[in-house]
Amino acid sequence: MQLTKSLLREWRRGDEPSLVRHANNHNVWVNLRDIFPHPYTPADARSWIRLATANGLNLVFAIDVDQFAVGAIGIRPGDDVHRHSAEIGYWLGEEYWNRGITTEAVVAVTEYAFNTLGMARIHAEVFQWNAASMRVLEKAGYVREGVLRKSVYKDKQWVDEVVFARTLP
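Just so we're clear, the structure is a prediction, and the values are computed from it rather than from any experiment.

The rules behind the values
Residues numbered from 1 in each chain as written. Predicted model: local features only at pLDDT ≥ 70, side-chain atom pairs only at ≥ 80, totals over all residues. Heavy atoms only, no water. Helix = DSSP H or I, 4+ residues; strand = E, 2+ residues; numbered from the N terminus. Rg over C-alpha atoms; globule rule 2.2 N^0.38 Å. Buried < 20%, exposed > 50% of the residue type's maximum accessible area, 1.4 Å probe, protein only. Polar contact = N/O pair within 3.5 Å; in protein donor to acceptor, adjacent residues only side chain to side chain. Contact = heavy atoms within 4.5 Å. Salt bridge = Lys/Arg side-chain N within 4 Å of Asp/Glu carboxyl O. Pairing = 2+ DSSP bridges. Core = buried A, V, L, I, M, F, W, Y, C linked by side-chain atoms within 4.5 Å. Axes fitted to C-alpha atoms, helices over the stretch in contact; angles between N-to-C directions. Parallel < 35°, antiparallel > 145°, perpendicular 65-115°, else oblique. Left-handed = near helix turned anticlockwise from the far one by under 90°. Nonpolar A, V, L, I, M, F, W, Y, C, P; charged D, E, K, R; others polar.

## Some details on the overall build of the chain
And then number 1: Per the secondary structure count, the chain includes five helices and seven strands.
And then number 2: Each helix and strand of the chain, placed in order from N terminus to C terminus, yields the pattern β-α-α-α-β-β-β-α-β-α-β-β.
And then number 3: Relative to a compact globule of 169 residues, whose C-alpha radius of gyration would be 15 Å, the chain shows 15 Å and is just as compact.
And then number 4: By its C-alpha atoms, the chain is 40 × 40 × 35 Å across when sized along the principal axes.

Shown next as structure tokens:
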């Protein structure tokens, strides 16, 4: 998907050096689940590229700026009675923060989930200290639904998560 500030595209071999450069950052890692490794190594990048390119349906995109993968955005569909709901997640290399890139990507992937994947609800869970991510979601039309108190243990501390969602009209 060509956007104004970036291109959302499939991951591909050759993205590994840029992925390591932007993912190997404590300020990125601290806002993500622990499945996202830190430090982020070339082996982690190779594993990610293999995983992201393994399925036929693209649910996770590279955020490409000037032909470099500088972040990621994707959705994880629910199952059973939650099969028309999905969680959205994203990260962006720190040097690209505060440019509107993530907001634009969230809007695009949300619309993709609604229009192509048949989702009716998309939600995100944001760590309490990540005000920038909360602003991204609000600008993308998400509404704050509540707080999951002390639901996460991250960086050696208990953290609240703030839940945001957007639904079909």
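Don't stop here, the text continues.
## Topic: the side chain of Asp64
And then number 1: Considering the arrangement of structural elements, one finds Asp64 in strand S2 (residues 60–65).
And then number 2: With a relative accessible area of 6%, Asp64 lands in the buried category.
And then number 3: From its side chain, Asp64 meets the backbone nitrogen of Gln67 in a polar contact 2.8 Å long.
And then number 4: With residues up to four places along the chain from it excluded, the contact list for Asp64 reads Ser6, Leu7, Arg9, Arg12 and Ala69.

## Some points on the pattern of salt bridges
And then number 1: This structure, assessed with the given rule, holds eleven salt bridges.
And then number 2: Put simply, Glu145 and Arg121 hold a salt bridge, and the shortest N to O gap is 2.3 Å. Taken together, the positions of Glu145 in strand S6 (residues 143–154) and Arg121 in strand S5 (residues 121–127) put the pair 24 residues apart, joining distant regions of the chain.
And then number 3: Overall, Glu145 belongs to the partly exposed group, its relative accessible area being 47%.
And then number 4: The class for Arg121 is partly exposed, based on a relative accessible area of 23%.
And then number 5: Here the salt bridges do not stand alone but share partners, grouping Arg9, Arg12, Asp15 and Asp64 into one network.

## Describing the pairing of S6
And then number 1: For S6 and strand S7 (residues 157–167), the ladder comprises eight bridges, and the chain directions are antiparallel. Bridged to Val143 within S7 is Ala165.
And then number 2: Between S6 and the antiparallel strand that follows it, S7, lie two residues; Asp155 among them carries a positive phi value of about 55°.

## Thoughts on the nonpolar core
And then number 1: Counting 34 residues, the largest nonpolar core has Leu8, Ile73, Ile88 and Val106 as its most contacted members.
And then number 2: Taken together, the elements giving at least two residues each to this core come down to S2, strand S3 (68–77), strand S4 (85–92), helix H4 (101–115), S5, helix H5 (131–139) and S7.
And then number 3: For this core, the element with the highest residue contribution is H4, accounting for eight residues.
And then number 4: Residue contacts for Leu8: discarding those within four places in its chain leaves Met1, Leu3, Phe61, Ala62, Ile63, Ile73, Ala105, Ala108 and Val109.
And then number 5: In this structure, Leu19, Leu32, Tyr40 and Ala69 belong to the second largest nonpolar core, which totals 18 residues.

## Considerations on the packing of helix H1 (residues 16–23) against helix H3 (residues 42–52)
And then number 1: Remark: H1 packs on H3, axes separated minimally by 9 Å, with the N-to-C direction vectors making an angle of 120°. One way to sum up the angle between H1 and H3 is to call them oblique. In the packing of H1 onto H3, the handedness of the crossing is right-handed. Of the residues in H3, those in contact with Glu16, Leu19 and Val20 of H1 are Pro42, Ala45, Arg46, Trp48 and Ile49.
And then number 2: The residue inventory of the contact of H1 with H3, partitioned by class, reads six nonpolar, no polar and two charged.

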